[in-house]
Amino acid sequence: MTFDAQILLPDEKGLEAATRALKAGDLVAVPTETVYGLAGDATQDLALAKIFDAKRRPSFDPLIIHVADFEQCLSLVNQSLLSLPAQELLRKIASTFWPGPLTLVLPKASHVSDLATSGLSTVAVRIPASPITLNLIKKLGSPIAAPSANRFGKISPTSAMDVKKELGQAIHWIVDGGDCKIGVESTILEITFNGELRLLRPGGTSSEDIKRITGLPIQEITLKGETFSPQAPGMLESHYAPSKPMKLISELNEIQRSQLPEKIGILSFEGISAEIQSWVEAIIHRPCIVKVLSPSGNSLEAAKNLFKSLRQLDESDAKLLFAIAPKNTEGLNLAISDRLRRASQPKSSI
Ligand code: TXA
Ligand code: MG
């Protein structure tokens, strides 16, 4: 069955329509500060099943549950499986970073649907910073499960129109909250029984900030893509991927000039230096469409433009895309590098 998604304004009328749809077990794409989410009522298994179906997402990849406040978060968590120091740590992290781009992986309460957690004993929870979506969760009176509103493995949407392009034929409703302020997904952090911290996905909250607030080290699980564990999220090597082949610029040397197509697209973290420009031109020697995420190399600006620019290159007539990653992995640069690396993996590894 194909649909033609309707865009709802985030006013009283639009939010009433969105709440009605969610109550009826239907899906609604909603804005968050990171990327748009495809929301369903987390207490209705049918709605959860519809999310996997609309995204064509494999059932082993669990969903993030979005709540309106800390109390609602605790209702999803089995606190007895957290030591007292871990419970204190949870409160400290939540009160510092929520609402905001941080998802916490915690022991799940028994009533949380196995569909949402893909049968894991943990649940991923966050309080998003979008007042529109917070309002919607409050009106619904239950948490919402919301993965990014794209087909599985594809580019996350950061505007209502991007959602329409991705899922317009698979869902009925999209709430338009404008462009997402952050532009990359939330950081996913697991708090273990003993109060250890494990970074499962870099994202909108920097590891440096988490370390500073908690005074604790963070174990990094997925960064080099070397670990594959069902407990590590976003762990599939090829992800956030354009439909065109994409490579990191470091791979350019390995490619024969004769193998290059007529038109190349380049996605660069910052303004391309004259040195790189001449190197690229000498090797490529072809017209290039260049998208710069931030001319001055500002991480916030680059993150906000990342998926939009990737999508624009994917829609251009370039046949092969190259990405130039940030030179360091400080702050948001870690998440930007992670997304560029995964977007550049061979598609066969999805
Ligand atoms: O910013 C975000 O996090 C956005 C917005 C919509 O909130 N959501 C998002 O969802 O990025 P999604 O489904 O695209 O990515 C969620 C990741 C998945 O890679 C999944 O494996 C992981 O979270 N995840 C969910 N539950 C988990 C759990 N219990 N343990 C480990 N990873 C989990
Ligand atoms: Mg996603």
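For the structure itself, consult the block above.
Residues numbered from 1 in each chain as written. Chains lettered and ligands numbered in written order. Predicted model: local features only at pLDDT ≥ 70, side-chain atom pairs only at ≥ 80, totals over all residues. Heavy atoms only, no water.

> Just checking my understanding: could you explain the environment of Thr-2 for this structure?
Tracing the chain through its elements places Thr-2 in the segment before strand E1 (6-8). Linking Thr-2 and Leu-46, residues 44 residues apart in sequence, is a C-alpha distance of 18 Å. (Helix = DSSP H or I, 4+ residues; strand = E, 2+ residues; numbered from the N terminus.)

> Would you mind going over helix H7 (residues 160-167) with me for this structure?
Each α-helix winds once per 3.6 residues, and so residues spaced three or four apart point in a common direction. Among the residues of H7, those classed as buried are Ala-160, Asp-162, Val-163, Glu-166 and Leu-167. Along the long axis of H7, the arc covered by the buried residues comes to 155 degrees, so they all point the same way. (Buried < 20%, exposed > 50% of the residue type's maximum accessible area, 1.4 Å probe, protein only. Arc of directions from axis to C-beta.)

> Before we go on, may I ask you to explain the nonpolar core in this structure?
Counting residues in each nonpolar core, the largest one holds 50 residues, and the members touching the most others are Ile-93, Leu-104, Ile-171 and Ile-191. Of all the elements in the fold, those that place two or more residues in this core are helix H2 (45-55), helix H4 (84-97), strand E5 (102-107), strand E6 (122-126), H7, strand E9 (187-191) and strand E10 (197-201). The leading source of residues in this core is H4, at 6 residues. Beyond its immediate chain neighbours, meaning those up to four positions away, Ile-93 contacts Trp-98, Leu-102, Leu-104, Leu-189, Ile-191, Leu-197 and Thr-214. Leu-267, Leu-293, Ala-303 and Leu-340 belong to the second-largest nonpolar core, a separate cluster that totals 23 residues. (Core = buried A, V, L, I, M, F, W, Y, C linked by side-chain atoms within 4.5 Å. Contact = heavy atoms within 4.5 Å.)

> Would you mind going over the packing of aromatic side chains with me for this structure?
Each aromatic ring pair is summarised here by two numbers: the centre-to-centre distance and the angle between the ring planes. Counting across every chain of the model gives 1 aromatic pair. Where Tyr-240 meets Phe-307, the ring centres are 6.0 Å apart and the plane angle is 25 degrees; that geometry is what we call stacked. Taken as a pair, Tyr-240 in the loop between strand E11 (218-220) and strand E12 (246-248) and Phe-307 in helix H10 (residues 299-315) lie far apart in primary sequence, 67 residues in all. The pair Tyr-240 / Phe-307 is uniform in exposure class, with both members buried. Positioned above the aromatic ring of Tyr-240, the side-chain terminus of Arg-339 is 4.9 Å from the ring centre. (Phe/Tyr/Trp six-rings, centres within 6.5 Å; stacked < 30°, edge-to-face > 60°. Lys NZ or Arg CZ within 6 Å of the ring centre and 35° of its normal.)

> Would you explain the packing of helix H1 (residues 12-23) against helix H6 (residues 131-140) in this entry?
In a pair of packed helices, the angle between the axes and the distance between the axes together describe the arrangement. Running from N to C, H1 and H6 point in directions that differ by 50 degrees, and their axes come no closer than 10 Å. By the criterion of interaxial angle, the relationship of H1 to H6 is oblique. Remark: the crossing between H1 and H6 carries right-handed chirality. Only Ile-132, Asn-135, Leu-136, Lys-139 and Leu-140 of H6 make contact with H1, whose side of the interface consists of Glu-12, Leu-15, Glu-16, Ala-18, Thr-19, Leu-22 and Lys-23. Each residue belonging to the contact of H1 with H6 can be placed in one class, and the counts come to 6 nonpolar, 2 polar and 4 charged. (Axes fitted to C-alpha atoms, helices over the stretch in contact; angles between N-to-C directions. Parallel < 35°, antiparallel > 145°, perpendicular 65-115°, else oblique. Left-handed = near helix turned anticlockwise from the far one by under 90°. Nonpolar A, V, L, I, M, F, W, Y, C, P; charged D, E, K, R; others polar.)

> I keep staring at unusual backbone geometry and nothing clicks. Help me out?
It is generally the case that most residues other than glycine have a negative phi and that most peptide bonds are trans. The step from Trp-98 to Pro-99 runs through a cis peptide bond, and the omega angle for that step is -10 degrees. Positive phi is not limited to glycine here, since Ser-118 has a value of about 50 degrees. Within the element layout of this structure, Ser-118 appears in the loop between helix H5 (114-117) and E6. Here Ser-118 falls in the partly exposed class, since its relative accessible area comes to 22%.

> Any chance you could explain the side chain of His-66 here in plain terms?
Along the chain, the position of His-66 falls in strand E4 (residues 64-66). Side-chain polar atoms of His-66 contact the backbone oxygen of Ile-64, separated by 3.3 Å. (Polar contact = N/O pair within 3.5 Å; in protein donor to acceptor, adjacent residues only side chain to side chain.)

> What is the right way to look at the sheet that holds E6 in this model?
The strands making up a sheet associate through hydrogen bonds between their backbones, and the pairing can be parallel or antiparallel. The strand order across the open sheet built from 11 strands is E1-E8-E2-E3-E7-E4-E6-E5-E9-E10-E11, with neighbouring strands paired in mixed fashion. If you trace the sheet from one side to the other, it starts and ends with E1 and E11, each paired once. Pairing analysis gives 4 bridges linking E5 to E9, with the strands arranged parallel. Bridge pairing in E9 links Val-105 to Glu-190. (Pairing = 2+ DSSP bridges.)

> Would you explain the sheet that holds strand E14 (residues 288-294) in this entry?
Pairing is parallel in the open sheet, where 4 strands are placed in the order E12-E15-E13-E14. Both edges of this open sheet fall to E12 and E14, since each of them pairs with a single strand only. The average angle at which neighbouring strand axes cross in this sheet is 20 degrees, direction not considered. Running at roughly 155 degrees to E14, H10 makes contact with E12, strand E13 (264-270), E14 and strand E15 (320-324) of the sheet. Sheet strands in contact with helix H11 (residues 333-343) are E12, E13 and E15, and its direction is about 130 degrees off that of E12.

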